[in-house]
Amino acid sequence: MKRAKFTILKSTCVPLPLANIDTDQIIPARFLSSINRDGFGKNLFRDWRYDKKGNIIQEFVLNRPEYTGSILVTGSNFGCGSSREHAVWAIADHGFRAVVSDSFADIFAGNALNNGLLPVVIPSEILGKLTTMIILKPETIITIDLERQMLSVEKEGISVPFPVNPFRKECLLQGLDNIDYLLGMKEEIMAFEKRNSP
Amino acid sequence: MEPRTLFDKVWDSHMVKSVEGGPDVLYIDRHYIHEVTSPQAFNGLRQRGIGVFRPERTTATADHNIPTADQHLPIRDTVSRAQVEALAENCKANGIEHFGIGHPNNGIVHVTGPELGYTLPGMTVVCGDSHTSTHGAFGTIAFGIGTSEVEMVLATQCLLQARPARMRITVNGSLRRGVTSKDLILYIISSLSTGGATGYFVEYAGDAIAQLSMEARMTVCNMSIEMGARGGLIAPDEVTFGYLSGIPSFSSDPDAVRLLEKWFSLRTDPGALFDKELEFDASAVPPMITYGTNPGMGMAVDGTIPSEEEAVTDDSGSHRKSLDYMGFSPGMKLLGHPVDYVFLGSCTNGRIEDLRAFAGMVKGRKKAPGVTVLIVPGSQQVARQAEKEGLAEIFSRAGFEMRQPGCSSCLAMNDDKIPPGKYAVSTSNRNFEGRQGPGARTILAGPLTAAAAALTGMITDPRELIRNGYQ
């Protein structure tokens, strides 16, 4: 299956500077009952975005008109807790294409990459600086260049490299699907099974 | 040959291929699926026009969203019903073994797999659920995966995975009376923080671990994910073999003796290197509770809530937000704090031993007025055993609600929700905001502390009750 390619992303950002945001906050369990992958965006951060009666909570960052864009800038250990891929589907469905933090929970990061959502890890001090800058100047545009593995804010002279596994990078740049990759290895898999059968 | 860790031995023996500059192709021995994270994976297979590669290696159970009352009736919630039905249909169409609602083998996926003898030492085990780490108690590499990876395993029986770093946590000494393995793991997580083991796979070792039963070991491995670890595992030993010998499907297997011999080599070689080593003293572990909204925010049951400066686990914004949500403040003690609900169950503490421990403390007594106590066995087998041993009778006389198996109030996808603002002492694994229902306030604890809360209606030190002749 072909997937959307990820090359260069230029966008304003949404700041959410809290540590340990778990996937139950990203998408609460009571909204997991769909058997499809789409439509989860409307319940992204549901209980922070809306009150119990379903009214918009104005102060929450997703409800503030000055903060828009396809990059979410957040705190440490983002996406911890439940393995639900629905969290990634909700973030992507809302329109985000990258999440920037100084650390991600392992399962979340894997799920994100499998859906073309790029988790970008940068050093803590730069993350702090970047977050403050976005809060003060919401019009700040960040560039995420996957080929060069660089996150930069041209106007501010910020340029910082970020790590990506080379295999994952190639898949994202080419829009390749790694299930296709494994399906292409069926003979090797069957040979492994034969070697290891009792 | 270089000395290797248990983890590396199991990993290496399942490596189909090491991809240049990329993740390894890892063969998966056992795949568990459930109704919430599998429908989209089957849809993916249909879109590709392919089937399930090795259906005999996948087992399904409905657990996450199912009601825990009147399971013989159709599920009222139409969306949940659609998920449960989709699971049944997908399994039927692909020849996958399926334990639906009411089936004698139904229950929480991490309770049923081990009790049926499906999880065996040296295996690789995955499931679209982060608490798959539970199965590590048998010396397996077991971890949670996302739905795209569920699809990958269904399609190829393999996963693309980068090898995590290795951590060993050695626990010496013995746990004191009134302290359970749940307290031990909450203690370890509070020391490491909720993200402290991210990127690692943990091996638990030491005499305190060796002394634990299989059920208690499963509780420890289960919560490895709550400190960010991919999983946790324990080398199989006599306790493991004893547990497996009690499972009919295994003890009648003509291959059993050969397997037991093979499993004796499943241990870390002396001198094998870990990327990180930590040590704990079991005798220093008190009964634990959590005071915040992640499992790393734990303290002794008689402890004092730390201030922002004292809390090592969070940035200050999160700490404040968390305490506000809980209605607590720094410097507060929780001993004597009123409790509205008590929940015994989940893949962490829904096994027969947990029900026995709880029953041991409450036997012949009644719940405190004003407290709702929900007992949800982890599986049909646990429910039958509880009935047989008279535990169900003890619970019903105490005024508790004995329910049918399922994940229930742990993630409250069904009707078992804690109302907004109410306090629940819960033997489950997560105290995240809204985890047990919108606005619900969760205090995680072990089964003894939960039993003490059920009897007194407040946070109570179980050691105090034990000193007074309870248990």
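Residues numbered from 1 in each chain as written. Chains lettered and ligands numbered in written order. Predicted model: local features only at pLDDT ≥ 70, side-chain atom pairs only at ≥ 80, totals over all residues. Heavy atoms only, no water.

A. Here's a closer look at the overall build of chain A. The secondary structure content of chain A amounts to 8 helices and 8 strands. Here the C-alpha atoms of chain A give a radius of gyration of 18 Å, agreeing with the 16 Å that 2.2 N^0.38 yields for 198 residues. By principal-axis analysis of the C-alpha atoms, chain A measures approximately 60 × 45 × 25 Å. Residue burial in chain A is summarised as follows: out of 198 residues, 57% are buried. Considering only intrachain contacts with a sequence separation of at least 6, the fraction spanning at least 24 residues in chain A is 66%. Carbon and sulfur atoms form 54% of the exposed surface of chain A, whose accessible area is close to 8,500 Å². Distance between charge centroids for chain A: 3 Å, based on 23 positive and 23 negative side chains. (Helix = DSSP H or I, 4+ residues; strand = E, 2+ residues; numbered from the N terminus. Rg over C-alpha atoms; globule rule 2.2 N^0.38 Å. Buried < 20%, exposed > 50% of the residue type's maximum accessible area, 1.4 Å probe, protein only. Contact = heavy atoms within 4.5 Å. Areas by Shrake-Rupley, 256 points an atom, 1.4 Å probe, with all protein chains shown as cover. Lys, Arg positive; Asp, Glu negative; His and termini not counted. Charge placed at Lys NZ, Arg CZ, Asp CG, Glu CD.)

B. Region of interest: the nonpolar core. Ranked by size, the top nonpolar core spans 110 residues in total, and within it F45(A), F108(A), I144(A) and F358(B) carry the most contacts. Looking at this core, the element that brings in the most residues is helix α17 (residues 447–456) of chain B, giving 7 residues. Taken together, domain 1 (6–277) and domain 2 (311–467) of chain B each give at least three residues to this core, which thus spans both. Sequence-distant contacts of F358(B), that is, excluding residues within four places in its chain, are made with V342(B), L344(B), V373(B), I375(B), F395(B), F400(B), P447(B), A450(B), A451(B) and A454(B). Listed in part, the 97 residues of the second largest apolar core include I66(B), V202(B), A216(B) and L233(B). (Core = buried A, V, L, I, M, F, W, Y, C linked by side-chain atoms within 4.5 Å. Domains from an automatic or database assignment.)

C. Region of the structure containing the domain arrangement of chain B. Residue and element names in this part refer to chain B. Domain parsing of chain B yields domain 1 (6–277) and domain 2 (311–467). Here the C-alpha centre of domain 2 lies 24 Å away from the C-alpha centre of domain 1. With 43 residues of domain 1 at the contact, the number on the domain 2 side is 41 residues. Between domain 1 and domain 2, the buried area comes to about 3,200 Å², and carbon and sulfur atoms account for 55% of it. Interface area lost by domain 1 to domain 2 is led by T68, I108 and K182, which between them contribute 20%. Run the count over domain 1 and domain 2 and you get 2 salt bridges. (Buried area = accessible area lost by both parts, 1.4 Å probe. Salt bridge = Lys/Arg side-chain N within 4 Å of Asp/Glu carboxyl O.)

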